[in-house]
Amino acid sequence: MLGGFSEEQIRRYSRHIILPEVGGKGQKKLLSSKVLCIGAGGLGAPIIEYLAAAGVGTLGIIDDDIVDLSNLQRQVIHGGNVGKPKAESAKQFVNNLNPDIEVKTYIERLNANNVIDIFKEYDIVVDGSDNFATRYLVNDACVITDTPLSHGSIYRFEGQVTTIIPHKGPCYRCLFEHAPPPGMVPSCQEAGVLGVLPGIIGVIQATEVVKYLLGIGELLTGRLIYYDALNMTFDEIKMRWNKQCPVCGEEPKITSIQEEIYGESCRIW
Amino acid sequence: MAVELDLKGEVCPYTFVKTKLKLEELESGEELCVTFDHAPAVENVPRSLKNEGHKIMGIEQKGEHLWIVRIRKA
């Protein structure tokens, strides 16, 4: 045991420990960190994969879905697990990759009733969800519980990613106050998605999480990266804190999580 | 009294990784003496340590394949 690491850990994390910005101290920070992954799908797969490899000690994985053959075009951690709950399949992948990681699975849907209790357990939340109801629920709950959030979303050949540190920078609602009306934006199921796309966006999210946990570099706070795979461009959109933001503004209208705000069928507040 | 670390039998990059982990346990200004029997480590480890700001106080050859590197923590 050197610096509290086992011989196996010294080898596993050696390429991290060598980095001046990480070292043994940084690696220990990662091992004692707790990250919640919302969804174990297209974005969740690379997020979970790299956070587990990096040695993030506790990974919460919430997903109520079952692995379907159509998922394997992009959800690279679920091979051989068609028919299994995605959270369980992800846990199996993590256990095989890195036995240091404790995985907590939640085979349920994130909702207004469970979100606050679950978020309280974690240092940072990574949103890999695929719908606006969850996205706004996650954003609002992160602001209310003061939990940092990595946001990512994908559509066909395009993706966007930003990092939200509540009350220190803008939140998702500062940029997009309300969700588009139902039916206006087709889901991935209807619209299709290039299989490699969530790999790019998810890995950027995982990068941001690791940087946040280590306290190094410049985070994507107040900046949104817009990625276009067809033209292979990364554009950066400046985000400003909105004083009138309904959740993080000066006089917020949303101060607690109310179920009716996040209904899938009506306009999300 | 310098702290000692025996890395006989260890090869690169773990020679550096383990030296670095040991240094993290010490206070600034403390000295660490590391024993190596892996020839490339005698060049590589001091270079990497200097990059991180530590000071190499001396490299002593103790045998045909045995060296002691003395380091002062930054």
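Coordinates for the structure precede this section.
Each chain carries its own residue numbering, running from 1 in the direction its sequence is written. Each chain gets a letter, beginning with A, and each ligand a number, beginning with 1, in the order they are written. For this predicted model, a pLDDT threshold of at least 70 governs which residues receive local features, and a threshold of 80 or more governs which side-chain atom pairs are given and counted, while totals over whole chains, interfaces and linings are taken from all residues. The basis for every side-chain value is the complete set of heavy atoms in the structure, and neither hydrogens nor water enter the calculation.

## A short note on the interface of chain A and chain B
Part 1 of the argument: By the convention used here, residues are in contact when the closest approach between their heavy atoms is within 4.5 Å. Counting from both sides, the interface comprises 15 residues of chain A and, opposite them, 13 residues of chain B.
Part 2 of the argument: The buried area of a pairing is the accessible area, by a 1.4 Å probe, that goes missing from both parts when the two are put together, added over both. Taken together, the two surfaces of chain A and chain B that pack against each other cover about 1,200 Å², and 65% of this comes from carbon and sulfur.
Part 3 of the argument: Its largest share of buried area at the contact with chain B, chain A owes to A:Leu2, A:Arg11 and A:Ile18, together 42% of the area lost on that side.
Part 4 of the argument: For this analysis, a salt bridge means a side-chain nitrogen from Lys or Arg found within 4 Å of a carboxyl oxygen belonging to Asp or Glu. Taken together, chain A and chain B are joined by two salt bridges.
Part 5 of the argument: A salt bridge links A:Arg11 to B:Glu10; the shortest N-O distance between them is 2.9 Å.
Part 6 of the argument: Polar contact is defined as a pair of N or O atoms within 3.5 Å, subject to the rule that within protein one atom must be able to donate a hydrogen and the other to accept it, and that residues adjacent in sequence are counted only when both atoms are side-chain atoms. Across the chain A-chain B interface, the total number found is eight residue pairs in polar contact (both at pLDDT 80 or more).
Part 7 of the argument: Secondary structure elements are taken from DSSP: a helix is a run of H or I of four residues or more, a strand is a run of E of two residues or more, and numbering for both begins at the N terminus. Elements with a minimum of two residues in the side of chain A that touches chain B: helix 1 (7-12), helix 2 (14-17) and helix 3 (23-31) of chain A.
Part 8 of the argument: Classifying every residue of the side of chain A that touches chain B by side-chain character gives seven nonpolar, four polar and four charged. Residues are grouped as follows: nonpolar covers Ala, Val, Leu, Ile, Met, Phe, Trp, Tyr, Cys and Pro; charged covers Asp, Glu, Lys and Arg; every other residue, Gly included, is treated as polar.

## Points about the sheet that holds strand 2 (residues 58-62) of chain A
Residue and element names in this part refer to chain A.
Part 1 of the argument: For two strands to pair, DSSP has to find at least two bridges joining them. Taken in spatial order, the eight strands line up as 3-2-1-4-5-6-7-8 in an open sheet, and their pairing is mixed. Both outer strands of the open sheet, strand 3 (102-106) and strand 8 (233-238), are each paired with one neighbouring strand and no more. Going from strand to strand, the sheet's axes swing by 15° on average, the running direction of each strand aside.
Part 2 of the argument: Note that strand 1 (residues 34-38) and strand 2 share five bridges and pair parallel. Opposite Leu36, over in strand 2, you have Gly60 as the bridge partner.
Part 3 of the argument: Every angle, taken between N-to-C directions, lies between 0 and 180 degrees, and every axis is a line fitted to C-alpha atoms, over only the stretch in contact when it is a helix. Lying on the sheet, helix 10 (residues 197-214) is in contact with strand 1, strand 4 (124-127), strand 5 (149-155), strand 6 (158-164), strand 7 (223-228) and strand 8; it crosses strand 5 at an angle near 175°.

## Looking at the environment of A:Glu108
Residue and element names in this part refer to chain A.
Part 1 of the argument: Mapped onto the fold, Glu108 is located in the loop between strand 3 and helix 6 (115-119).
Part 2 of the argument: Here the term buried applies to any residue with accessible area under 20% of the maximum for its type, exposed to any over 50%, and partly exposed to those in between, with areas from a 1.4 Å probe on protein chains only. A relative accessible area of 33% places Glu108 in the partly exposed class.
Part 3 of the argument: Expressed as a C-alpha distance, the spacing of Glu108 and Gly79, which sit 29 residues apart in the sequence, is 22 Å.
Part 4 of the argument: Every residue in contact with Glu108, bar those within four places of it in the chain, is listed here: Ile62, Asp63, Asp64 and Asn114.
Part 5 of the argument: In this structure the side chain of Glu108 is engaged in a polar contact, spanning 3.1 Å, whose partner is the side chain of Asn114.

## A short note on helix 10 of chain A
Part 1 of the argument: By this rule, a helix spans an expected 1.5 Å times one less than how many residues it contains. Over its 18 residues, helix 10 of chain A extends 26 Å from the first C-alpha to the last, a length consistent with the 26 Å expected when each residue adds 1.5 Å.
Part 2 of the argument: Burial of helix 10 of chain A is extensive: 13 of the 18 residues sit out of reach of the surface.

## Some points on the packing of helix 3 of chain A against helix 10 of chain A
All names here are of chain A.
Part 1 of the argument: Where helix 3 contacts helix 10, the axes come no closer than 9 Å and their chain directions differ by 115°. Between helix 3 and helix 10, the crossing angle belongs to the class labelled roughly perpendicular. Read as a crossing pair, helix 3 and helix 10 show a hand that is right-handed. Contacts between helix 3 and helix 10 involve Gly26, Lys29 and Leu30 from the former and Val210, Leu213 and Leu214 from the latter.
Part 2 of the argument: Along the lines of polarity and charge, the residues of the contact of helix 3 with helix 10 split into four nonpolar, one polar and one charged. Each angle gets one of four labels, with under 35 degrees taken as roughly parallel, over 145 as roughly antiparallel, 65 to 115 as roughly perpendicular, and the rest as oblique. For a crossing to be left-handed, the near helix must be turned anticlockwise from the far one by less than a right angle; the clockwise case is right-handed.

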